[in-house]
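# Structure assessment
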Amino acid sequence: QVQLEESGGGLVQVGGSLRLSCAASGRADRRDCMGWFRQAPGKEREFVAAITWSAGITKYADSVKGRFTISRDNAKNTVSLQMTSLKPEDTAVYYCALGDTLACAQRGPFKYDYWGQGTQVTVSS
(Lines give C-alpha, C1' and ligand atoms only; values in the text may rest on other atoms or scores of the structure.)
Protein backbone atom coordinates (compact mmCIF):
# COMPACT_ATOMS: atom_id res chain seq x y z
CA GLN A 1 0.00 0.00 0.00
CA VAL A 2 1.44 3.33 -1.10
CA GLN A 3 1.51 6.10 1.48
CA LEU A 4 2.61 9.69 1.03
CA GLU A 5 3.42 11.91 3.98
CA GLU A 6 4.11 15.62 3.64
CA SER A 7 6.06 17.68 6.14
CA GLY A 8 7.62 21.11 6.43
CA GLY A 9 4.65 23.44 6.20
CA GLY A 10 4.20 26.40 8.49
CA LEU A 11 3.91 30.15 8.83
CA VAL A 12 6.42 32.40 7.08
CA GLN A 13 6.65 36.08 6.26
CA VAL A 14 6.55 37.51 2.77
CA GLY A 15 9.86 36.94 1.03
CA GLY A 16 10.74 34.03 3.27
CA SER A 17 11.48 30.41 2.45
CA LEU A 18 10.13 27.00 3.34
CA ARG A 19 11.07 23.48 2.36
CA LEU A 20 8.38 20.85 1.99
CA SER A 21 9.13 17.14 1.89
CA CYS A 22 7.09 14.16 0.80
CA ALA A 23 8.08 10.68 1.88
CA ALA A 24 6.72 7.87 -0.28
CA SER A 25 6.45 4.36 1.09
CA GLY A 26 5.37 1.26 -0.82
CA ARG A 27 5.92 2.95 -4.20
CA ALA A 28 5.50 0.71 -7.26
CA ASP A 29 8.24 1.12 -9.87
CA ARG A 30 5.91 2.03 -12.72
CA ARG A 31 4.73 5.14 -10.91
CA ASP A 32 7.46 7.51 -12.00
CA CYS A 33 5.94 10.91 -11.37
CA MET A 34 5.71 12.90 -8.16
CA GLY A 35 3.82 16.14 -8.19
CA TRP A 36 3.05 18.98 -5.83
CA PHE A 37 -0.31 20.69 -5.89
CA ARG A 38 -1.88 23.34 -3.72
CA GLN A 39 -5.37 24.41 -2.82
CA ALA A 40 -6.36 27.73 -1.30
CA PRO A 41 -9.74 28.25 0.39
CA GLY A 42 -12.51 28.56 -2.17
CA LYS A 43 -10.22 27.70 -5.06
CA GLU A 44 -9.57 24.62 -7.13
CA ARG A 45 -6.52 22.48 -6.59
CA GLU A 46 -3.74 23.73 -8.83
CA PHE A 47 -0.53 22.28 -10.15
CA VAL A 48 2.73 23.56 -8.64
CA ALA A 49 5.56 21.31 -9.81
CA ALA A 50 6.38 17.75 -10.80
CA ILE A 51 9.43 15.55 -11.20
CA THR A 52 10.13 12.11 -12.59
CA TRP A 53 11.83 9.67 -10.25
CA SER A 54 13.90 8.06 -13.00
CA ALA A 55 15.38 11.00 -14.90
CA GLY A 56 14.66 13.93 -12.61
CA ILE A 57 12.79 15.80 -15.34
CA THR A 58 10.96 18.74 -13.81
CA LYS A 59 7.97 20.88 -14.66
CA TYR A 60 6.69 24.02 -12.95
CA ALA A 61 3.65 26.22 -12.94
CA ASP A 62 4.39 29.66 -14.35
CA SER A 63 3.41 31.23 -11.03
CA VAL A 64 6.26 29.52 -9.15
CA LYS A 65 8.93 29.22 -11.84
CA GLY A 66 12.19 30.73 -10.63
CA ARG A 67 11.06 30.69 -6.99
CA PHE A 68 10.34 27.02 -6.28
CA THR A 69 12.61 24.06 -6.89
CA ILE A 70 11.50 20.44 -6.87
CA SER A 71 14.03 17.67 -6.27
CA ARG A 72 14.07 14.00 -5.44
CA ASP A 73 16.18 11.62 -3.38
CA ASN A 74 15.67 8.17 -4.84
CA ALA A 75 17.55 6.45 -2.03
CA LYS A 76 15.20 7.94 0.56
CA ASN A 77 12.08 7.85 -1.65
CA THR A 78 11.59 11.53 -0.84
CA VAL A 79 10.66 14.50 -2.98
CA SER A 80 11.22 18.04 -1.75
CA LEU A 81 9.88 21.41 -2.74
CA GLN A 82 12.13 24.33 -1.87
CA MET A 83 10.08 27.50 -1.85
CA THR A 84 11.70 30.93 -1.83
CA SER A 85 10.52 34.52 -2.23
CA LEU A 86 7.16 33.47 -0.87
CA LYS A 87 4.13 35.63 -1.54
CA PRO A 88 0.75 35.85 0.20
CA GLU A 89 -0.83 34.17 -2.82
CA ASP A 90 1.29 31.09 -2.13
CA THR A 91 -0.81 30.48 0.98
CA ALA A 92 -2.55 27.13 0.58
CA VAL A 93 -2.60 23.52 1.63
CA TYR A 94 0.13 21.76 -0.31
CA TYR A 95 -0.30 18.16 -1.41
CA CYS A 96 2.12 15.70 -2.92
CA ALA A 97 0.85 13.09 -5.33
CA LEU A 98 2.24 9.99 -7.02
CA GLY A 99 1.35 8.87 -10.51
CA ASP A 100 2.62 7.17 -13.63
CA THR A 101 4.67 8.75 -16.39
CA LEU A 102 1.59 10.26 -18.03
CA ALA A 103 0.99 12.33 -14.92
CA CYS A 104 4.19 14.25 -15.54
CA ALA A 105 3.21 14.93 -19.14
CA GLN A 106 0.45 17.30 -18.06
CA ARG A 107 -0.22 19.90 -15.39
CA GLY A 108 -3.54 18.67 -14.05
CA PRO A 109 -4.34 16.43 -11.10
CA PHE A 110 -5.24 13.61 -13.46
CA LYS A 111 -3.21 10.39 -13.71
CA TYR A 112 -2.14 10.71 -10.08
CA ASP A 113 -3.10 7.63 -8.13
CA TYR A 114 -2.07 8.53 -4.60
CA TRP A 115 -2.26 11.72 -2.58
CA GLY A 116 -0.89 12.84 0.74
CA GLN A 117 -2.96 14.46 3.47
CA GLY A 118 -1.57 17.92 2.82
CA THR A 119 0.45 20.45 4.77
CA GLN A 120 -0.53 24.06 5.40
CA VAL A 121 1.66 26.89 4.15
CA THR A 122 0.74 30.38 5.29
CA VAL A 123 2.58 33.46 4.05
CA SER A 124 1.88 36.55 6.12
CA SER A 125 2.29 40.09 4.87
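Right above here is the structure, for reference.
Conventions used here
- Residues numbered from 1 in each chain as written.
- Predicted model: local features only at pLDDT ≥ 70, side-chain atom pairs only at ≥ 80, totals over all residues.
- Heavy atoms only, no water.
- Helix = DSSP H or I, 4+ residues; strand = E, 2+ residues; numbered from the N terminus.
- Rg over C-alpha atoms; globule rule 2.2 N^0.38 Å.
- Buried < 20%, exposed > 50% of the residue type's maximum accessible area, 1.4 Å probe, protein only.
- Contact = heavy atoms within 4.5 Å.
- Areas by Shrake-Rupley, 256 points an atom, 1.4 Å probe, with all protein chains shown as cover.
- Lys, Arg positive; Asp, Glu negative; His and termini not counted.
- Charge placed at Lys NZ, Arg CZ, Asp CG, Glu CD.
- Pairing = 2+ DSSP bridges.
- Axes fitted to C-alpha atoms, helices over the stretch in contact; angles between N-to-C directions.

### Notes on the overall build of the protein
The helix and strand inventory of the protein stands at zero helices and eleven strands. Computed over its C-alpha atoms, the radius of gyration of the protein comes to 13 Å, within 12% of the 14 Å expected for a compact globule of 125 residues. Looking at the protein as a whole, 44% of its 125 residues qualify as buried. Long-range contacts, defined here as pairs at least 24 residues apart, represent 58% of the contacts in the protein between residues at least 6 apart. Summing over all exposed atoms, the protein offers an accessible surface of approximately 6,400 Å²; the carbon and sulfur share of this is 47%. Taken as two groups, the 15 positive and 12 negative side-chain charges of the protein have centres that lie 3 Å from each other.

### Description of the pairing of strand E4 (residues 33–39)
A large share of E4 lies buried, amounting to six of its seven residues. When E4 meets strand E5 (residues 46–52), the two strands line up antiparallel, connected through six bridges. From the neighbouring strand, Phe37 faces E5, where its bridge partner is Phe47. In this antiparallel pair of consecutive strands, E4 and E5, the connection spans six residues, and Gly42 shows a positive phi of 75 degrees. Sheet topology places E4 next to strand E9 (residues 92–99); seven bridges connect them, and they run antiparallel. Opposite Trp36, over in E9, you have Cys96 as the bridge partner.

### Brief notes about the side chain of Arg31
As for its position among the elements, Arg31 is in the loop between strand E3 (18–25) and E4. With near-sequence residues (within four places) excluded, Arg31 lies in contact with Trp53, Leu98, Gly99, Asp100, Asp113 and Tyr114.

### Section: the sheet that holds strand E7 (residues 68–73)
The strand order across the open sheet formed by four strands is E1-E3-E8-E7, and the pairing between neighbours is antiparallel. Edge positions in the sheet fall to strand E1 (3–7) and E7, since each has one partner strand and no second. Strand-to-strand twist of the sheet, defined as the mean angle between neighbouring strand axes without regard to direction, takes the value 15 degrees. Pairing of E7 with strand E8 (residues 78–83), which is carried by six bridges, proceeds in the antiparallel orientation. Residue Asp73 lies in a different strand from E8, and its bridge partner there is Thr78.

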